[in-house]
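Summary of the model geometry
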Amino acid sequence: MHLNRLCQGFFFLLILVSISSLSAQEIKWDPSGDAFYQIQNGQILKVNLPSQDSDVFVSTADLTPTGQNPLNVRDFTFSQDNQKLLIYTNTKRVWRLDTQGDYWVMDLNTKKLQQAGIGLPESSLRFAKLSPDASLIAYVSEFNLYVEDLATGQITQLTKDGNRKLINGTFDWAYEEEFACRDGFQWSPDGKMISYWQIDANQIRDYYMMNFTDSVYSRVIPVEYPKVGESPSPARIGVIDLASQKTTWLNIPGDPQQHYLPRMEWNSPDLILVQQLNRKQNHSKIYAVNVPANEAKVISEEKEETWIDVLSNWENVYGLTYRHEFKWLNDKKSFLWFSEKDGWRHVYSIGLDGKETLLTPGYYDVINLLHLDEKNKLAYFHASPENATQKYLYRIKLDGKSKAERVTPALFEGTNTYTISPSGQFAMHQFSNSFTRPASEWISLAKHTPIDASKSIEANLAQNQGPKTVEFFKINTADGTELDGWMVKPTNFDPSKKYPVVFYVYTEPWGATVKDGYGVARNRNYDGDMAEDGYIYISIDNRGTPAPKGRAWRKSIYRKIGRINISDQAEAAAQIVKWDFVDPERVAVWGHSGGGSATLNLMFQYPEIYKTGISLAAVANQLTYDNIYQERYMGLPQENLEDFVAGSPMTHAKNLQGNLLYIHGTGDDNVHYDNAEMLINELIKHGKLFQFMPYPNRSHGIGEGEGTTAHLRKLYTDFLKRYCPPGGK
C-alpha cells in the first residue's frame, strides 16, 4: 500500500539525476572523507575533494572477466582494509528491489577478479559481505546461508533447512515491506561468527496470485502473506560459530508468535543488541545479549498508546543498500535512538547501562539524522520547524542542553537534502522548490560555503527557476486543525469563471503529498498538461500523514484510517468548492494505493462533494492487508473489528452516486486483487454502475508489460475528461 513513497519522488529524482552528475545514493565515501567513488559509464571513478578532480579507479577493462563481457556494476563495497572490492551485478528483482544477483571480488592491488558462489544458481546470491579480514565472503542463496574461502574457493553451506517457508538470512514479504528488513545476517567484529535471522512462515497461509496470460493453462503463484489478524511469522536470531558450524539461538524472552525482531547489531564479539517489538507495535525493548553466556538483558524500554515507529517514514527505506544500523558513539558505549516520547521525534543517546539523554530538545521533529561529529560534539540532521512542507539542515551540540542551529542559508527556501562526508568537512547539498529545478553543489560544511562558487546553486539559481505555478495554502477545519495544501490553477486563469477541480490524495500514515519540491504537482497519469487544459489541481495533507508536525498530528489517525483522514479531506474540499472560481459540479479525486483507498472512501462517504473518482490499487477491505502495517495503525481486529469495518471503502460502497473508474493489477503482491473482486461484488449487490480495468499480471505499480504506462495514461485521461470536463465556464 506504499506505492506513493516511490511515485511522489519519482519526477523529482528523475529531473535531479538528469541535471546533476551526482546522487547521494551513488556515492561511496573514502574513509578519509576527502574523496568518494562513483559508478559512471561502466567504470568506477574516484573524485577528490575539494578539487572535484576525478580519476578512473576501476576501468571497464578491469571489470571484464577473462572471456566475458564487462560486468555491469549495480553496486559495490570495499573491504575493511580497502584492499578488495565486492561487486554486485547481474541483478534480479525480489519484491520491490533487485536484491538478488551475482557477486565478484576484485583484488585492488592486482585487479584480479574472482566470482563468488560458483556452482550455485545464476543470480541467486543475496547480501554478500566480506569478513572483517576479507579472507571470507558470506551470502544467502535460495534461503540458506553460505560462507566461502576466497583463497581456496571452498564453499560451506551453513544452514541446510531453508526454503520458501523457512527463511534464513533474509526475510518474508511482510518484514521486507513493513520493516524494510532485507539483509538478514551480519559478521561478528572478529570474523569468527555470523548472526542471522530465521523467519518461520510455515504457519502463514499463502495468498495465491493467478497468471492467466503466459500459458494456455493458468499458473498459481503463492506468496506467504500474513493478513491482518493473523499471528506474525515467528522470528529468531541465531549465531553460527564458523569453527564448529554450530548455531546457537539467542535466548530472547517472549512468544515469537506475538513479537517482532526488527533490529539486530553486534556491539563487540561478545555482545549483540536486539530490538523486540510486541505484536501491537506499541511496546519496544532493546536487549543486550551476552553471546558466550546467551543471556539477554533489557537496557531500554518504551511504551506507547498508539504505535512506535521502527524506522522513519522520511528515510529512503527503498534504497538498495538501506539497512537498520545502530549509530554508535563514545567508543560504542552508547548509541543513538529515535523516540516521540516527549511529543516530538527526537534523538536520544542510550548507554549500554540504559542511561538516556535527550540530544535534540525543542518543539520540532528531527526528520532524519545525517552525521555524528564526535570530535566536535555535533550532530547534523534534517528538520523544518517553521514549515512542514520544507526541509533544511540543522546542527546541535551533543550536550543535551543546546538549541538547534539552522545551517542551510535563508536563500534556499524549499527542500534541501545533504550527504555529509565521514570527516564532516564536506557535504553534497541538493536543493529544489516548487518553481526551481533540482540543483546540487559541493560545500564546505562548517560555514556552508560552496567549494566552487561558479558552480554553486546560488550562482546558477536564476537559470533554474521557472514560473511560480504552484500555490501553497492552508485550510482550517472546524476544530481548529490547520491543513497544508498546494494548488495549480489553469493557465490564463480567469477568476470570473468556474473551473473543475481535481484532488490528488494519499492520506495514510506512510506518505505526505504537500511538499515544496520540484515536480510536486505533476500528475504522472495525465496525458497532457492539466493547467493548459483548464483544471485546478489540488492536494491536501490531513492529520495522520507523516509531516514533521509532532506526535499528536501523526498519531491522531490511530484506529481511524478511513475516517479521520477522510473527514479532514472532505471538510477541506467542502470549503474549496465554495470558492468563487470552483465549479462544485465538476469535482474529481484520484489516488494510488492508500490514495486509491481514500478515493473510494471519499466517493462513497461524501458523494455530495466528489462527483468523479479514479482509484488505483486500493485496499477496499482493510482485513485483506498485511498484519504489520494494518495492526500498527489500526490495532488488532480481534479487539476492535468495528474500526476496520468502518474504515473500509466496501462498507460504504452502497452510497456511490458519481462516476467511478477502478483500476487494479491482477499480479499485485502488495494490495491483493481480491480487494477488487470484493468491491465489485458489493457494488453489483447495490446496483451501482462503474467502470473497471484489471491489468493482467501487473504488480502494485501497474508498470510492467509493453504499452502499460501509455495505456493507463490514456484510460485515466479519457475518463477524467469525459466525466469531469476541463475548462472555465
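The model shown is predicted, which means the values in this text are computed figures rather than measured ones.

1. With respect to the UniProt feature "domain: Peptidase S9 prolyl oligopeptidase catalytic" (unreviewed entry) in the protein chain
Feature annotation in UniProt assigns "domain: Peptidase S9 prolyl oligopeptidase catalytic" (unreviewed entry) to the following positions: residues 530-723. As annotated, residues 530-723 has a helix share of 42% and a strand share of 18%, and its two end C-alpha atoms lie 15 Å apart.

2. As for helix 9 (residues 637-647)
Those residues of helix 9 that sit buried are Pro637, Asn640, Asp643, Phe644 and Gly647. Buried residues along helix 9 cover an arc of 130 degrees about the axis, so they all sit on one side. Elements that come into contact with the buried residues of helix 9 comprise helix 7 (594-605) and helix 8 (627-634).

3. Considerations on the side chain of threonine 513
Topologically, threonine 513 is positioned in the loop between strand 38 (499-504) and helix 4 (530-533). With relative accessibility at 5%, the residue threonine 513 sits in the buried group. A distance of 2.7 Å separates polar atoms of two side chains, one belonging to threonine 513 and the other to serine 539.

4. Remarks on the pairing of strand 26 (residues 346-351)
Most of strand 26 sits out of view: six of its six residues are buried. Alternating positions in strand 26 separate into two faces, His346, Tyr348 and Ile350 on one and Val347, Ser349 and Gly351 on the other, with burial throughout. In the sheet, strand 25 (residues 334-339) pairs with strand 26 via six bridges, with the strands oriented antiparallel. Bridge pairing links serine 334 to glycine 351 in strand 26. Between strand 25 and strand 26, which pair antiparallel in sequence order, lie six residues; one of them, glycine 343, sits at a positive phi of approximately 100 degrees. Of the pairings in the sheet, the one linking strand 26 to strand 27 (residues 356-358) comprises three bridges and is antiparallel in character.

5. Looking at the pattern of salt bridges
A complete count under the given rule lists 34 salt bridges for this structure. Among the ionic pairs, aspartate 206 bridges to lysine 165, the shortest N-O distance being 2.9 Å. Of this pair, aspartate 206 sits in strand 16 (residues 206-211) while lysine 165 sits in the loop between strand 12 (155-157) and strand 13 (166-168), and the two are 41 residues apart along the sequence. Judged by its relative accessible area of 13%, lysine 165 is buried. Two residues, aspartate 479 and arginine 543, come together in a salt bridge whose shortest N-O distance is 3.2 Å. Pair noted here: aspartate 479 is in the loop between strand 36 (470-476) and strand 37 (482-488) and arginine 543 is in the loop between strand 39 (536-541) and helix 5 (551-555), with a separation of 64 residues, a long-range link. Taken together, the shared-partner salt bridges in this structure form one network comprising Glu304, Glu340, Asp365, Arg551, Arg554 and Lys555.

6. Let's talk about the pairing of strand 33 (residues 426-433)
Of all eight residues in strand 33, eight are buried; the element is thus mostly enclosed. Across the two faces of strand 33 the burial is the same, with Phe426, Met428, Gln430 and Ser432 and Ala427, His429, Phe431 and Asn433 all buried. Here six bridges tie strand 32 (residues 415-420) to strand 33, and the two strands are oriented antiparallel to one another. Following the sheet pairing, isoleucine 420 is matched in strand 33 by alanine 427. The turn linking strand 32 back onto strand 33 is made up of five residues, and glycine 424 within it adopts a positive phi angle of 80 degrees. Here strand 33 folds back onto strand 34 (residues 436-444) in antiparallel fashion, the turn holding two residues.

7. Some details on the packing of helix 6 (residues 564-576) against helix 7
The angle between the axes and the distance between the axes are what describe a pair of packed helices. Between helix 6 and helix 7, the least distance of the axes is 10 Å, while the angle of their chain directions is 65 degrees. Helix 7 is crossed by helix 6, and the crossing has right-handed handedness. On helix 7, the residues touching Ile566, Gln569 and Ala570 of helix 6 are Ala598, Asn601, Leu602 and Gln605. For the contact of helix 6 with helix 7, the per-class residue count stands at four nonpolar, three polar and no charged.

8. With respect to the sheet that holds strand 4 (residues 54-58)
Strands sit in the order 1-2-3-4 across an open sheet of four strands; the sheet is antiparallel. On the outer flanks of this sheet lie strand 1 (28-29) and strand 4, each paired with one strand and no other. Sheet topology note: the strand 2 (residues 35-40)/strand 3 (residues 43-48) ladder contains six bridges and is antiparallel. For phenylalanine 36, the partnering residue across the bridge sits in strand 3 and is valine 47.

9. Focus: unusual backbone geometry
With an omega of 10 degrees, the peptide bond running from leucine 49 to proline 50 counts as cis. Mapped onto the elements, proline 50 comes out in the loop between strand 3 and strand 4. The phi angle at histidine 448 is positive, at roughly 50 degrees, despite the residue not being glycine. Relative to the elements of secondary structure, histidine 448 occurs in the loop between strand 34 and strand 35 (449-450). By relative accessible area, histidine 448 is classed as buried at 7%.

10. Describing helix 7
The first and last C-alpha atoms of helix 7 sit 16 Å apart over twelve residues, in line with the 16 Å expected at 1.5 Å per residue. Counting buried residues in helix 7 gives eleven out of twelve residues, a clear majority hidden from the surface. Next to the buried residues of helix 7 lie helix 6, strand 40 (582-592), strand 41 (612-616), helix 9, strand 42 (659-665) and helix 10 (674-685).

11. Concerning a nonpolar patch on the surface
Taken together, Leu623, Leu641 and Val645 make up a surface patch of nonpolar side chains, about 210 Å² in accessible area. With respect to the secondary-structure elements, leucine 623 resides in the loop between strand 41 and helix 8. Assessed through its relative accessible area of 32%, leucine 623 is described here as partly exposed.

Criteria and cut-off values
- Residues numbered from 1 in each chain as written.
- Predicted model: local features only at pLDDT ≥ 70, side-chain atom pairs only at ≥ 80, totals over all residues.
- Heavy atoms only, no water.
- UniProt positions renumbered as here; feature names shortened; annotations may be inferred.
- Helix = DSSP H or I, 4+ residues; strand = E, 2+ residues; numbered from the N terminus.
- Buried < 20%, exposed > 50% of the residue type's maximum accessible area, 1.4 Å probe, protein only.
- Arc of directions from axis to C-beta.
- Contact = heavy atoms within 4.5 Å.
- Polar contact = N/O pair within 3.5 Å; in protein donor to acceptor, adjacent residues only side chain to side chain.
- Pairing = 2+ DSSP bridges.
- Salt bridge = Lys/Arg side-chain N within 4 Å of Asp/Glu carboxyl O.
- Axes fitted to C-alpha atoms, helices over the stretch in contact; angles between N-to-C directions.
- Left-handed = near helix turned anticlockwise from the far one by under 90°.
- Nonpolar A, V, L, I, M, F, W, Y, C, P; charged D, E, K, R; others polar.
- Expected span 1.5 Å × (residues − 1).
- Patch = residues over 30% accessible without salt bridge, like charges linked within 9 Å, V, L, I, M, F, W, Y side chains within 5 Å.
- Areas by Shrake-Rupley, 256 points an atom, 1.4 Å probe, with all protein chains shown as cover.

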